[in-house]
Amino acid sequence: MVKKVQHTTKHIFVTGGVVSSLGKGLTAASVALLLQKRGYRVKMQKMDPYLNVDPGTMSPYQHGEVYVTVDGAETDLDLGHYERFTGIDCTRSSNFTTGRIYSTVIARERKGEYLGKTVQVIPHITDEIKTAIRSLDGDDVDIVITEIGGTVGDIESLPFLEAIRQFRQEIGRQNGLFLHVTLVPYIKAAGEMKTKPSQQSVSILRTIGIIPDILVCRCERPMGAEHKEKLALFCNVDKSLVIEETDVANTIYEVPVELAKQDLDVYIMELLNMHVNRLDMSDWKEMLNNYINPCNGDVEIAVVGKYISLRDSYKSIYESLTHAGIANKARVKVRLVEAEELEKNGADQMLKGVSGLLVPGGFGQRGIEGKILAIQYARENKIPFFGICLGMQCAVMEFARNVCGMTGANSSEFDDKTRYPVISLMEEQKKVTDMGGTMRLGSYECTLKSGTKSHAAYGKDEISERHRHRYEFTNDFRAQLQKKGMIFAGIAKGLDLVEIVEIKDHPWFVGCQFHPEFQSTPLHAHPLFTGFVAASMKG
Ligand code: GLN
């Protein structure tokens, strides 16, 4: 008999088959929530098989939003799902890319640490991947869920799949399982559901030595028993472990409830030889009920951005608005406005009838003037306004130009010759030459000024929020803007940086340099989002 290494942390490996965008991250997050609600401590991580060291240098059009962790890692947006579902804080160890793994191995090779050996994908890259997986093990966790990005069959995924195959072999069946998320398409012309693509993707997995323990089948309509039986037979999976994940009716937050109805969490605990504790989903179900039956009606919020055509670009913003709707028992409807369109057509036409305006973060000149026009419209018409990062910076530019008479006031990111660089590069950024991972990143503390909208929203003096920026409010202009009614409602603790601006005589006008959207969850909506939506509902 093979002797297994002593191992206490359980591992679940999530792979994806047939196509991308199946919602593997959502499935992984839903499983995590269910196990948490059974009393277990869960950690999560995502392995991304691309060569960028992290997604920080990628365009949102390539990758969607870049999610920032408390400890300042720029990561995949699936980590946002992980945090929103489970409320746990992910860290740098929650996201590894091929680029990051290779950089570590190559740096070690340069130091001569491989002692003359030929450095190879197996075992050196796979060992590094296993170290990355093991980095989440410990006394503070019962189960680690590792999602492998990409689709089985991609060349890029192979080292990760080989690493999880080895890892499970080392820890043994009772300590690790493979959950494969796959697609069971419905072919309209034939009026039939097809299991073949899933069979083929499982057969690819089998050729590399992985036999999935559980199949989660994404499908547009419910699967019949015959399809489950067929998949069970061809894929060598127990019939009860062929789980269906049909498109949910209202919100992604229904997914865990649907999976629990099929006892997915119970099967996982049994396979991993864990005690099946009672499942308590009461707070989650109450949240869902508030979402599905909002007793305070609808509220329409415009989001004016530069990457509007791709929904994933502002994923956490949209989710946070939904959470704030739940907290206010209202349904937030989002009007998506492309900033350049607004510049062409005017704010009157594009924003007519909205109850609130949100301008999210971003980089680069395109769309800036449209955002500024939108903010002017919200300021002058007393429409609640929430500016985040670049949105806050645009609010400062707008105020400087149109209230303080500083014609051409700008951020030095867009115009380094302006007489009024009201936003400028932070001192510490001036010597930065590399673009990857060098912004002001992660959580910093901030002190709030009493009597402000922000202080009222948070209900406390000190907060901690996540950042991702290079530019800041230029302190030389503070006195002039303050004289005209700008309020500096939040200042970075220990640093003299403006973190929140507000304006006088407006129902709700708040701009923050940080990204509150990374700390909002459906059970605990972020106070600034909740305050913003509440103010918008009064309009
Ligand atoms: N481009 C701006 C900066 O670097 C804003 C960044 C952002 O919105 N995340 O400061």
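Our structure is the block above this text.
Scoring rules and cut-offs
Residues numbered from 1 in each chain as written. Predicted model: local features only at pLDDT ≥ 70, side-chain atom pairs only at ≥ 80, totals over all residues. Heavy atoms only, no water. Pairing = 2+ DSSP bridges. Helix = DSSP H or I, 4+ residues; strand = E, 2+ residues; numbered from the N terminus. Axes fitted to C-alpha atoms, helices over the stretch in contact; angles between N-to-C directions. Contact = heavy atoms within 4.5 Å. Disulfide = S-S within 2.5 Å. Buried < 20%, exposed > 50% of the residue type's maximum accessible area, 1.4 Å probe, protein only. Near = heavy atom within 4 Å. Polar contact = N/O pair within 3.5 Å; in protein donor to acceptor, adjacent residues only side chain to side chain. Nonpolar A, V, L, I, M, F, W, Y, C, P; charged D, E, K, R; others polar. Parallel < 35°, antiparallel > 145°, perpendicular 65-115°, else oblique.

1. So, the sheet that holds strand S13 (residues 331-338)
Here is step 1 of the chain: Pairing in this open sheet of nine strands is mixed, and the strands run S13-S12-S14-S15-S23-S22-S21-S18-S19 from one edge to the other. Looking at strand neighbours, the two that pair on one side only are S13 and strand S19 (462-469), the edges of this open sheet. With strand direction ignored, the average angle separating the axes of adjacent strands in the sheet is 25 degrees.
Here is step 2 of the chain: Sheet strands in contact with helix H12 (residues 315-327) are strand S12 (298-305), S13, strand S14 (356-359) and strand S15 (385-388), and its direction is about 150 degrees off that of S13.

2. What to know about the state of the cysteines
Here is step 1 of the chain: Following the criterion strictly, the structure yields zero disulfides and no others.
Here is step 2 of the chain: The thiol sulfur of Cys404 is not disulfide-bonded, and the nearest other cysteine sulfur, from Cys394, lies at 16 Å.
Here is step 3 of the chain: We classify Cys404 as buried; its relative accessible area is 17%.
Here is step 4 of the chain: Free cysteine Cys446: the closest other cysteine sulfur is in Cys512, separated by 9.3 Å.
Here is step 5 of the chain: You can call Cys446 buried: its relative accessible area is 2%.

3. Side note on the site of the ligand
Here is step 1 of the chain: Taken together, the residues surrounding the ligand are Gly361, Gly362, Phe363, Cys389, Leu390, Gln393, Glu413, Arg468, His469, Arg470, Tyr471 and His515.
Here is step 2 of the chain: Here an oxygen atom of the ligand sits 3.1 Å away from a polar atom, N or O, in the side chain of Gln393.
Here is step 3 of the chain: Listing elements by their share of the shell around the ligand, those giving two or more residues are helix H16 (390-402) and S19.
Here is step 4 of the chain: Residue composition of the shell around the ligand, by class: four nonpolar, five polar and three charged.

4. Some details on the packing of helix H1 (residues 24-36) against helix H10 (residues 264-271)
Here is step 1 of the chain: Contact geometry of H1 with H10 gives a least axis separation of 10 Å together with a crossing angle of 75 degrees. Between H1 and H10, the angle is such that the two are roughly perpendicular. Across the interface between the two elements, Val31, Leu34 and Leu35 of H1 pack against Leu264, Asp265, Ile268 and Met269 of H10.
Here is step 2 of the chain: Of the residues belonging to the contact of H1 with H10, the class tally is six nonpolar, no polar and one charged.

5. As for the pairing of strand S6 (residues 143-148)
Here is step 1 of the chain: With six of its six residues buried, S6 lies for the most part within the structure.
Here is step 2 of the chain: Across the two faces of S6 the burial is the same, with Ile143, Ile145 and Glu147 and Val144, Thr146 and Ile148 all buried.
Here is step 3 of the chain: Relative to S6, strand S1 (residues 10-16) is paired through five bridges, and the arrangement is parallel. The residue bridging His11 from the neighbouring strand is Val144, located in S6.
Here is step 4 of the chain: Bridging between strand S2 (residues 42-48) and S6 involves six bridges; their strand directions are parallel. Residue Met47 lies in a different strand from S6, and its bridge partner there is Ile148.

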